[in-house]
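# Structural overview for review
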Amino acid sequence: MKLDVNMLRYLSKEDFRVLTAVEMGMRNHEIVPSELISRIAALKHGGTYKVLKNLLKHKLLHHDSSKYDGFRLTYLGYDFLAIKTLVNRGIFASVGRQIGVGKESDIFEVATEDGTVLAMKLHRLGRVSFRAVKSKRDYLKHRSNFNWLYLSRLAALKEFAFMKALGEHGFPVPNAVDCNRHCVNMSLVQGYPLVQVKQLQNPEPVFETIVGLIVRLAEHGLIHCDFNEFNLMFSEEGLILIGQIKLPVTLREVPRQVFKYCTFVAIDCCSANNAILGRPALVEFGVVTSIRHLCMRFPTKVGIGTVCGDQKEAKQCCNVSLKQPVMVIEATAPKQYPPEEAEVQAVQAEESNELYPRVHEERSIEPMEEAEEVTLDASLPDRKTKVGKNLKVEVREVLVSFLRENQDVFAWSHSDMTGIDPNIIWHVMNIDPNVALIQQKRRTIDPSRALALKMVDATSGYELLSYMDAYSGCNQISMYVADQEHTSF
């Protein structure tokens, strides 16, 4: 039966009381009589039969009158009881998409209030594909009578216990979060089952790690009877999870500091980082980060603490991760390479910038060499420009002579900005001469803006302050003479 949690928000307290009453009655009854449900629920002013009708409509209960009139829980009703309990405990706040289905369980994504994604496994024993539970599992032990809901609960409890014990001993299993009825909550493993992996780059270490896990299980007195490609998970990079470990983490800026225990996932790989604080840990600390400044701030009992990273070390770690040569910019003379090596260095630097542009941050443009001032007109000594100080004498003389001959291209004041010749381009207003002119209504002006308008009017017509004149002043393209009278300035 498909899990639809949308109905969960519309169920009342009376609905859950009746569901719980049916669950309690199923301890001694295969089909719980209606009278017993009414006595256990003990709803005020009756109303049990009306609630039973509503739950039966949403397929949370099953009605059976073959032997006597009674009801039993369906898997959907059992799901709602477990989800409601875990939500009340604060384990998760929302249920997402279904990410897996097996012969005896369904797996869904759930999320906590802070956005952490977990996995929720709902055991579904009794499916047609797997009904030989009594002979294949030891859940019942000495019991002879059972129902599938009870067996699913036993399976969930045993899985949660083994998962928690293996995690505490460093085995690569998901982190067991909580369990209720037939529902198990665990951390979500970001990866793919081995059955979906077509090719491995290094199969030898993978095989050695897998066999090593079997040996470790045997050393603890366990034999994994379902150790196959469907139960082994790999990340996108082909990494194998070694296990989990809980370590103390302190964010410190004396006297402001905060201390918490964080669970780290250990993987077997080469990395430039010793440890990485993930999103759950940052949320737990209440951290606000600034990636560009390599800085994070966090609340403490005595104020806001700040921890800053090292720019040089961060760039080195980034280059190691990208498998690029480390490029450290220092205030020294540039190293001279032979022509063939210089070309290789340029290609490597270009590839590094494409892969991770923040490795080399933008800097202000600076001259390649020192410059000196040159006067272009002896009668006007304030009109100067700059040329390279290390130029050869003959090159410098030719360049300075050329600049002095063409000094009219320089604009030393607003009056020198004569604009573009009207014979080349005009500003033309597309006005239809056949359309009658319309006088707009007079608009009132906010007193707070009146002063600004007076300042604009006062500057109009002046040589240095006229920025509003559409056909003179600093505008580079003049207004067409016939349209000048149509402008509003």
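Refer to the preceding data block for the structure.
These lines cover the structure that appears in this document, whether it is placed above or below. Small disclaimer: the values here were computed from a predicted structure and weren't measured.

Analysis parameters
Residues numbered from 1 in each chain as written. Predicted model: local features only at pLDDT ≥ 70, side-chain atom pairs only at ≥ 80, totals over all residues. Heavy atoms only, no water. Pairing = 2+ DSSP bridges. Helix = DSSP H or I, 4+ residues; strand = E, 2+ residues; numbered from the N terminus. Axes fitted to C-alpha atoms, helices over the stretch in contact; angles between N-to-C directions. Contact = heavy atoms within 4.5 Å. Parallel < 35°, antiparallel > 145°, perpendicular 65-115°, else oblique. Left-handed = near helix turned anticlockwise from the far one by under 90°. Nonpolar A, V, L, I, M, F, W, Y, C, P; charged D, E, K, R; others polar. Phe/Tyr/Trp six-rings, centres within 6.5 Å; stacked < 30°, edge-to-face > 60°. Buried < 20%, exposed > 50% of the residue type's maximum accessible area, 1.4 Å probe, protein only.

With that settled, the discussion passes to the sheet that holds strand β7 (residues 176-180). Strand order across the open sheet formed by five strands is β4-β5-β6-β8-β7, with antiparallel pairing between neighbours. Each edge of the open sheet is held by one strand with a lone partner, namely β4 (94-101) and β7. Adjacent strand axes in the sheet meet at a mean angle of 25 degrees when their direction is disregarded. Both strand β6 (residues 117-123) and strand β8 (residues 183-187) contribute to a ladder of five bridges, which runs antiparallel. Its bridge partner being in β8, A119 is matched across the sheet by M186. Across the sheet, helix α4 (residues 75-89) is in contact with β6, β7 and β8; its angle to β7 comes to roughly 130 degrees. Here helix α6 (residues 148-168) sits on the sheet in contact with β6, β7 and β8, set at roughly 160 degrees to β7.

In this section: the packing of helix α1 (residues 13-25) against helix α2 (residues 34-41). Here α1 crosses α2 at 120 degrees, and the two axes come no closer than 9 Å. Here α1 lies oblique to α2, going by the angle between them. For the element pair α1 and α2, the recorded crossing hand is right-handed. For the pair α1 and α2, the contacting residues are R17, V18, A21, V22, M24 and G25 in the first and L36, I37, I40 and A41 in the second. Among the residues forming the contact of α1 with α2, the class breakdown is eight nonpolar, one polar and one charged.

The next subject is the environment of E369. Structurally, the position occupied by E369 is in the loop between α10 (339-355) and β16 (371-375). Residues E369 and V387 lie 18 residues apart in sequence; the distance between their C-alpha atoms is 9.8 Å. Every residue in contact with E369, bar those within four places of it in the chain, is listed here: G388 and N390.

Let's shift gears to the sheet that holds strand β3 (residues 70-73). Pairing is antiparallel in the open sheet, where three strands are placed in the order β1-β3-β2. Looking at strand neighbours, the two that pair on one side only are β1 (32-33) and β2 (61-64), the edges of this open sheet. Alignment of β1 against β3, held across two bridges, turns out to be antiparallel. For V32, the partnering residue across the bridge sits in β3 and is F71. Contacts from α1 reach β1, β2 and β3, with the element oriented near 95 degrees to β3.

To describe a pair of aromatic rings, you give the distance between the ring centres and the angle between the ring planes. For the structure on display, the rule yields one aromatic pair. Centre to centre, the rings of F259 and Y261 are 5.4 Å apart; their planes meet at 80 degrees, and the pair counts as edge-to-face. Residue F259 is classed as partly exposed on the basis of its relative accessible area of 46%.

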